[in-house]
Amino acid sequence: QVQLAESGGGLVQAGGSLRLSCAASGLTFSISIMGWFRQAPGKEREFVAAIRGSTYYADSVKGRFTISRDNAKNTMYLQMNYLKPEDTAVYFCAASRFSGSYYYVKGYDYWGQGTQVTVSS
């Protein structure tokens, strides 16, 4: 089993920055890919970014968000710059033992509890 814990969410003005962290514990050696998803009120959970050596981004965040991973610390990060009100959501980190469908929710085995990001206009 793998446990994931997000931190770093908060309230920020449009144009500002936040950095989210996701600390992994447990059988971390089994992780093949890690990703970030977000879910706004009344909407489906959506892909934001993923990393497995290479990095992948949703078009809506490309050029503004950067995903990274520190294997020595078993921690993944999401640096979010030039935030917009439409980025407001609960952000979840996720991990998978398999490096298949990084874009889809069903492609991940483990999930964190989420951290709220609110961007004011």
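Structure shown above.
Rules behind the numbers
- Residues numbered from 1 in each chain as written.
- Predicted model: local features only at pLDDT ≥ 70, side-chain atom pairs only at ≥ 80, totals over all residues.
- Heavy atoms only, no water.
- Disulfide = S-S within 2.5 Å.
- Helix = DSSP H or I, 4+ residues; strand = E, 2+ residues; numbered from the N terminus.
- Buried < 20%, exposed > 50% of the residue type's maximum accessible area, 1.4 Å probe, protein only.
- Salt bridge = Lys/Arg side-chain N within 4 Å of Asp/Glu carboxyl O.
- Phe/Tyr/Trp six-rings, centres within 6.5 Å; stacked < 30°, edge-to-face > 60°.
- Lys NZ or Arg CZ within 6 Å of the ring centre and 35° of its normal.
- Pairing = 2+ DSSP bridges.
- Axes fitted to C-alpha atoms, helices over the stretch in contact; angles between N-to-C directions.

(A) Region of interest: the state of the cysteines. By the definition in use, this model includes one disulfide. In this model Cys 22 forms its disulfide with Cys 93; the gap between the sulfur atoms is 2.1 Å. Linking Cys 22 and Cys 93, the disulfide has an S-S dihedral of approximately 55° and is accordingly described as right-handed. One end of the pair, Cys 22, is in strand S3 (residues 18–26); the other, Cys 93, is in strand S9 (residues 89–96), with 71 residues separating them in the sequence. Residue Cys 22 shares its accessibility class with Cys 93, and that shared class is buried.

(B) Quick peek at the side chain of Thr 28. Inspection of the secondary structure puts Thr 28 in the loop between S3 and strand S4 (33–39). The class of Thr 28 is buried, set by a relative accessible area of 18%.

(C) Geometry of the pattern of salt bridges. Tallied over the entire structure, the rule returns five salt bridges. Its salt-bridge partner being Asp 87, residue Arg 38 comes within 2.9 Å of it at the nearest N-O pair. Of this pair, Arg 38 sits in strand S4 while Asp 87 sits in the loop between strand S8 (75–80) and S9, and the two are 49 residues apart along the sequence. We classify Arg 38 as buried; its relative accessible area is 6%. On the basis of relative accessible area, Asp 87 is assigned to the buried category, the value being 1%.

(D) Region of interest: the packing of aromatic side chains. Summed over the entire model, instances satisfying the criterion amount to eight aromatic pairs. Consider the rings of Phe 47 and Tyr 103, whose centres lie 5.1 Å apart with planes at 40°: the pair is tilted. Of this pair, Phe 47 sits in strand S5 (residues 46–52) while Tyr 103 sits in the loop between S9 and strand S10 (110–111), and the two are 56 residues apart along the sequence. Among the aromatic residues, those joined into a ring-pair cluster are Phe 37, Phe 47, Tyr 56, Tyr 102, Tyr 103, Tyr 104, Tyr 108 and Trp 111. The ring of Phe 92 has Arg 45 lying over it, and the distance from NZ or CZ to the ring centre is 3.6 Å.

(E) Region of interest: the sheet that holds S3. The strand order S1-S3-S8-S7 describes an open sheet built from four strands, whose pairing is antiparallel. Strands with a single pairing partner mark the edges of an open sheet, and in this sheet they are strand S1 (2–7) and strand S7 (65–70). For this sheet the average axis-to-axis angle between neighbouring strands, irrespective of direction, equals 15°. Alignment of S7 against S8, held across six bridges, turns out to be antiparallel. Within the sheet, the bridge partner assigned to Thr 66 lies in S8 and is Gln 79.

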